[in-house]
Amino acid sequence: MSNFSSSITQAEKNIAKTTKMNKPSAIIPATDKHTASLIFLHGLGDVGESWLEVFDMYNIPKTVRHVKFIFPTAPIRKITLNSGMSMTGWFDAYGLDRSSKEDQQGISEASKYLNDLIENEINNGIPSERVMIGGFSQGGAAALHTALTTSHLLAGVLALSSWLPLSSTFPKALVAGDKKQNLPILQCHGTQDPMVHIQWGRLTGTVFKEMGFKKYIFKEYNGMVHSSSDEEIKDVIAFIKQYLPKIEAKI
């Protein structure tokens, strides 16, 4: 297993002022010179360590030793969909239908938090173009929304079993649209997902294509449910290696 640590970032201190945080981020530090970072958000009711273990199990950090991996844990909040039960969540969820109400405030707060984490990496010397964001399910939704509304140009976005929230607000809500159209995005979805239906993912694909994103890729995995698979992770690794390549030292 990789060495990993937990540390409280300034972004987490900021959000903790208004929201009950569960725990600090789980981190796998770069084992070569740190020249890139990947921030990955978990799904509803989960914790950052879960995806750290997935990335570790597939030896992803060992394939890109120059990348620092950050796995935040969402604040604890009451989730309407689950009868008001308190659990980790990036924003509230009201239903499993596309017509369900969306938590605009919570989504905006999640995007601000993720943007703060991006800026924390920038302040530590990593250019925004070397920061990739992503997530699973609700975490992927927050990552997609952040990528479109942040002023920073990013290395890429990974959205697994996810969708674009508040999609009707785009393209009006898109920040730096012309520059963002070259943003690499890999969206992966299982054809048998009972939680976030494949139609949600396909509709998101339509939105991105209509906005003119040139490096948007949507991949479907036959028979995969609301989870991951070896085939999907293989595509994730290839995407990370392509858009967060190792920078050769200058002589």
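Quantities reported herein were computed from a predicted structural model and do not represent experimental measurements.

What counts and what doesn't
Counting of residues starts from 1 at the beginning of each chain's written sequence and follows it residue by residue. Predicted model: local features are reported for residues with pLDDT of at least 70 only, side-chain atom pairs are reported and counted for 80 or more only, and whole-chain, interface and lining totals are derived from all residues. Excluding hydrogens and water, the side-chain values take into account all heavy atoms of the structure. A pocket here means an open set of points on a 1 Å grid, computed over the protein atoms alone, that has protein on both sides within 12 Å along at least five of seven lines. A cavity is instead a set of points where a 1.4 Å probe fits but cannot get out; residues with an atom within 4 Å of a point line either one. Grid points are joined across faces, edges and corners, and a volume is the space filled by probe spheres set on the points. Strands are runs of DSSP state E lasting at least two residues, helices are runs of H or I lasting at least four, and both sets are numbered from the N terminus onward. Residues are grouped as follows: Ala, Val, Leu, Ile, Met, Phe, Trp, Tyr, Cys and Pro are nonpolar; Asp, Glu, Lys and Arg are charged; all remaining types, including Gly, are polar. Aromatic contacts are taken between Phe, Tyr and Trp rings whose centres are within 6.5 Å, Trp giving its six-membered ring; a plane angle under 30 degrees counts as stacked, one over 60 as edge-to-face, and the others as tilted. Relative accessibility thresholds used throughout: buried, under 20% of the residue-type maximum; exposed, over 50%; partly exposed, between the two (1.4 Å probe, protein chains only).

Novice: Account for the layout of surface pockets, with residues named and values stated.
Specialist: Of the volumes computed, that of the largest pocket is approximately 520 Å³. Lining the largest pocket are 33 residues, with Leu-44, Ser-137, Gln-138, Trp-163 and Val-196 positioned closest to its centre. The element contributing the most residues to the lining of the largest pocket is helix 2 (residues 48-57), with 3 residues. Looking at side-chain class alone, the lining of the largest pocket contains 16 nonpolar, 10 polar and 7 charged residues.

Novice: Could you give an account of the packing of aromatic side chains, naming the residues involved and the relevant values?
Specialist: Under the counting rule described, the total for this entry stands at 13 aromatic pairs. An angle of 35° between the planes, with centres 5.3 Å apart, marks the rings of Trp-51 and Phe-136 as tilted. Within this pair, whereas Trp-51 is found in helix 2, its partner Phe-136 is found in strand 7 (residues 131-136), the two being separated by 85 residues in sequence. Taking the relative accessible area as the measure of exposure, Phe-136 reaches 10% and is therefore buried. Ring plane angle 25° and centroid distance 5.8 Å describe the contact between Trp-90 and Tyr-113, whose orientation is recorded as stacked. Separated by 23 residues along the polypeptide, Trp-90 in the loop between strand 6 (85-88) and helix 4 (104-123) and Tyr-113 in helix 4 bring together distant segments of the chain. Owing to a relative accessible area of 2%, Tyr-113 belongs among the buried residues under this scheme. Through successive ring pairs, a cluster of aromatic residues spans Phe-40, Trp-51, Phe-55, Phe-69, Phe-71 and Phe-136.

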